[in-house]
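Notes for the structure review
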Amino acid sequence: MEIDEDHVQYLLSMGFPSELDVRKALRAAKNDVNDAVAILTNDHPVTSFDTLDDIDIEMRDIHPKNTPGPVYGPSLPPSYDEAVESE
């Protein structure tokens, strides 16, 4: 894949110091400047369904489905009727 030289110069003008790293990021990002910036800043872009599946798996690890229900804090908020009656 041919790297777009305008993209290289644009990223270098943004302050990325290494032309080699910029070229590698653009190659990995298939010349997409936004994805290349994400690679260079270690902010991994969500550009594929595989990545979304990975995130879903990670979220299951954090919040397993066998929890009893949503957690709102020490107690549930009052119902609408209870809140209106107190006014």
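Residues numbered from 1 in each chain as written. Predicted model: local features only at pLDDT ≥ 70, side-chain atom pairs only at ≥ 80, totals over all residues. Heavy atoms only, no water.

The chain carries the name UBA domain-containing protein in an unreviewed UniProt entry, which gives Potamilus streckersoni as its organism.

**Here's the deal with helix α1 (residues 5–13)**
Condition: Pairing of N or O atoms within 3.5 Å defines a polar contact, subject to two protein rules: one partner must be a possible hydrogen donor and the other a possible acceptor, and residues neighboring in sequence count only if both atoms are side-chain atoms. Numbering of helices and strands runs from the N terminus, with a helix taken as a DSSP run of H or I at least four residues long and a strand as a DSSP run of E at least two residues long.
Where α1 begins, the side chain of D4 points an oxygen toward the backbone nitrogen of D6, at a separation of 2.9 Å. G15 lies just past α1 and shows a positive phi near 110°.

**Regarding the environment of N31**
Stated formally: Burial classes follow relative accessibility: with a 1.4 Å probe on protein chains only, a residue under 20% of its type's maximum area counts as buried, one over 50% as exposed, and anything between as partly exposed.
You can see N31 is positioned in the loop between α2 (19–28) and α3 (33–40). The exposure class assigned to N31 is buried, which follows from its relative accessible area of 19%. In this structure, the C-alpha to C-alpha distance between N31 and E5, residues 26 residues apart in sequence, is 9.8 Å. For N31, the side chain forms a polar contact with the main-chain nitrogen of D4, separated by 3.1 Å.

**Some words on the nonpolar core**
Test applied: We call a set of buried Ala, Val, Leu, Ile, Met, Phe, Trp, Tyr and Cys residues a nonpolar core when their side-chain atoms join them within 4.5 Å. Any two residues having at least one pair of non-hydrogen atoms within 4.5 Å are treated as being in contact.
Membership of the largest hydrophobic core is limited to 10 residues, which are I3, V8, L11, F16, V22, A25, L26, A29, V33 and A36. Among the elements of the structure, α1, α2 and α3 are those that each provide at least two residues to this core. Tallying contributions element by element places α2 first for this core, with 3 residues. With near-sequence residues (within four places) excluded, V8 lies in contact with I3, E19, V22, R23 and L26.

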